[in-house]
Amino acid sequence: MIEARPEDTVLDCLLTIKRTVDPTLAFRYSCGHGMCGSDAVAINGTPTLLCTATVKDWAKPAGTAIQTDDEGFRRTDGVDTTADAADAGEPQSASTASDAASLGVIELAALPGFPVQRDLIADIDPMLDQLKKLKPALEADGVLATTKDGKIDVFEYLQNPEQLAQYERLTNCIACGVCEGACPVFAGGDAFIGPAALIWSSRFINDSRDVKAAERMDAIDTADGVAACQSVRACSRQCPRGIDVGEEMWQIVAKVRER
Ligand code: SF4
Ligand code: FES
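Keep in mind that what you see is a predicted model, and the values were worked out from it rather than measured. (Residues numbered from 1 in each chain as written. Chains lettered and ligands numbered in written order. Predicted model: local features only at pLDDT ≥ 70, side-chain atom pairs only at ≥ 80, totals over all residues. Heavy atoms only, no water.)

Asks: Help me understand the packing of aromatic side chains, please; the structure alone is not making it clear to me.
Replies: The way to describe two aromatic rings as a pair is by their centre distance and the angle between their planes. If you walk through the whole model with that rule in mind, you get two aromatic pairs. Arranged with centres 5.3 Å apart and planes meeting at 50°, the rings of Phe114 and Phe186 form a pair that is tilted. Here Phe186 lies in the loop between helix 7 (178-182) and helix 8 (195-205) and Phe114 lies in the loop between strand 4 (105-110) and strand 5 (116-118), a separation of 72 residues in the sequence. (Phe/Tyr/Trp six-rings, centres within 6.5 Å; stacked < 30°, edge-to-face > 60°. Helix = DSSP H or I, 4+ residues; strand = E, 2+ residues; numbered from the N terminus.)

Right under this line is the structure:
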């Protein structure tokens, strides 16, 4: 049991648990403010960020017949409350107040779709590998700008506001993996490179300064690329950066197919 307030984040709770109950509890975080994307987990089965999820938004009524072991962890199958749920990569939960019934229960698990490294830490390398494969860096031909007396000053990469608007929203992606964890097709990235990789690819395909759009579209015009997207749109619901991932998937799939 720990003390928590409704406005506390789930990350606050975990830090308290780590300081006061179980120093071995493993979870990943960095900025604490929804900017770095390092702390994606499943909360009550939904992929989201620990640092932006508040107790009041996610605590469920304690409900009936919740079985907890001596350390406060709960088994959702109600069978074996003594097994090491962390080692098994199964959901764990912790009461979030001294009186669990007052604030309820939050169930946590590592981000779905990825191998569990330990406790709430998922190995997101499969996503990062897919991102890297698609070469997520601008490849642009700069225009030489000169000073009044004709000397070379700087390279300029000119773009008007309408061209910027084509891709600017996609630059908000922080590669947290929440959309991948929500995608029923991704599951580790073998069959589908995943929505995050396609978002990053789309970000450069839609950038008027980038000169590799054709190659980038070739790279995702594959069986495990746009062809694998089933348009389930589960990826849209929880993007912490407000990207309508499902809609963006739709746009990039159409763009590749209509070439
Ligand atoms: S699109 Fe959104 S949910 Fe997906 S990785 Fe980027 S920030 Fe995370
Ligand atoms: S800790 Fe950086 S996004 Fe949550």
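So, next bit.
Asks: Got a minute to help me understand the environment of Tyr157 in this structure?
Replies: Relative to the elements of secondary structure, Tyr157 occurs in the loop between strand 8 (152-156) and helix 6 (161-165). Overall, the relative accessible area of 42% leaves Tyr157 in the partly exposed class. Sequence spacing of Tyr157 and Asp141 is 16 residues, and the spatial spacing of their C-alpha atoms is 7.5 Å. Not counting residues within four places of it along the chain, the set of residues in contact with Tyr157 comprises Ala140, Asp141, Gly142 and Arg209. (Buried < 20%, exposed > 50% of the residue type's maximum accessible area, 1.4 Å probe, protein only. Contact = heavy atoms within 4.5 Å.)

Asks: What exactly am I supposed to notice about the site of ligand 1 here?
Replies: The full set of residues close to ligand 1 is Cys173, Ile174, Ala175, Cys176, Gly177, Val178, Cys179, Ala196, Cys239, Pro240, Arg241 and Val245. Mapping ligand 1 onto the cavity grids shows that it belongs to the second largest cavity. (Near = heavy atom within 4 Å. 1 Å grid on protein atoms, 1.4 Å probe; cavity = no way out; pocket = protein on both sides within 12 Å on 5 of 7 lines; lining within 4 Å. Sits in = over half its atoms within 2 Å of the grid points.)

Asks: Mind showing me how you'd approach empty space enclosed by the protein here?
Replies: Empty space among the atoms becomes apparent when a probe as large as a water molecule is rolled across them. Counting across every chain of the model gives four cavities of 30 Å³ or more. The volume enclosed by the largest cavity comes to roughly 130 Å³. For the largest cavity, the lining is made up of 15 residues, of which Cys229, Ser231, Val232, Arg233 and Cys235 are closest to its centre. Per-class residue counts for the lining of the largest cavity are 11 nonpolar, three polar and one charged. If you add up the space inside the second largest cavity, you get close to 90 Å³. As for the second largest cavity, its lining consists of 14 residues, and the residues nearest its centre are Cys173, Ala175, Cys176, Cys179 and Cys239. (Points joined across faces, edges and corners; volume = space filled by probe spheres on them. Nonpolar A, V, L, I, M, F, W, Y, C, P; charged D, E, K, R; others polar.)

Asks: Explanation requested: unusual backbone geometry in the structure shown.
Replies: Note on backbone geometry: most residues besides glycine have negative phi, and most peptide bonds are trans. Of note in this structure, Asn44 is not a glycine but carries a positive phi near 50°. Examined against the element boundaries, Asn44 turns out to sit in the loop between strand 1 (40-43) and strand 2 (46-49). Under the relative-accessibility criterion, Asn44 is labelled partly exposed at 22%. Phi at Lys135 takes a positive value of approximately 50°, unusual for a residue other than glycine. Its place among the elements puts Lys135 in the loop between helix 5 (125-133) and strand 7 (143-146). Overall, Lys135 belongs to the exposed group, its relative accessible area being 56%.

Asks: It is not clear to me how the side chain of Asp207 should be interpreted in this structure. Could you clarify?
Replies: Secondary-structure assignment places Asp207 in the loop between helix 8 and helix 9 (213-220). At 2.9 Å, the side chain of Asp207 forms a polar contact with the side chain of Gln159. Once you skip the residues sitting within four places of it in the chain, Asp207 turns out to touch Leu138, Gln159 and Tyr167. (Polar contact = N/O pair within 3.5 Å; in protein donor to acceptor, adjacent residues only side chain to side chain.)

Asks: Can you walk me through the nonpolar core in this structure?
Replies: Generally speaking, soluble globular proteins have nonpolar side chains that are buried together. Counting residues in hydrophobic clusters, the biggest one holds 60 residues, and the most contacted among them are Leu14, Phe27, Ile43, Leu50, Leu108, Ile220 and Val245. Tallying contributions element by element places helix 1 (residues 10-20) first for this core, with six residues. Counting residues domain by domain, this core receives three or more from each of domain 1 (10-122) and domain 2 (125-257). When residues no more than four places from it in sequence are discounted, the contact partners of Leu50 are Thr9, Val10, Leu11, Leu14, Phe27, Arg28, Asp39, Val41, Ile43 and Leu108. (Core = buried A, V, L, I, M, F, W, Y, C linked by side-chain atoms within 4.5 Å. Domains from an automatic or database assignment.)

Asks: Hey, could you run me through the packing of helix 8 against helix 10 (residues 245-257) in this one?
Replies: Helix packing geometry: the angle between the two helix axes and the distance between the axes. Between helix 8 and helix 10, whose axes approach to 10 Å, the crossing angle comes to 60°. When the interaxial angle is binned, helix 8 and helix 10 end up oblique. Here helix 8 runs over helix 10; the crossing is left-handed. Judged by residue contacts, Pro195, Leu198, Ile199, Ser202 and Ile205 of helix 8 engage Val245, Glu248, Met249, Ile252 and Lys255 from helix 10. In terms of residue class, the contact of helix 8 with helix 10 is made up of seven nonpolar, one polar and two charged. (Axes fitted to C-alpha atoms, helices over the stretch in contact; angles between N-to-C directions. Parallel < 35°, antiparallel > 145°, perpendicular 65-115°, else oblique. Left-handed = near helix turned anticlockwise from the far one by under 90°.)

Asks: Would you explain the pattern of salt bridges in this entry?
Replies: Two side chains bearing opposite charge may form a pair once their charged atoms approach each other closely. Tallied over the full model, the rule gives 10 salt bridges. Between Arg5 and Asp8 there is a salt bridge, with its nearest N and O atoms 2.7 Å apart. In this structure Arg5 comes out as partly exposed when scored by relative accessible area, which is 49%. When the shortest N-O distance is used, the salt bridge between Glu248 and Arg169 registers 2.5 Å. With a gap of 79 residues between them, Glu248 in helix 10 and Arg169 in the loop between helix 6 and helix 7 connect regions that are remote in the sequence. (Salt bridge = Lys/Arg side-chain N within 4 Å of Asp/Glu carboxyl O.)

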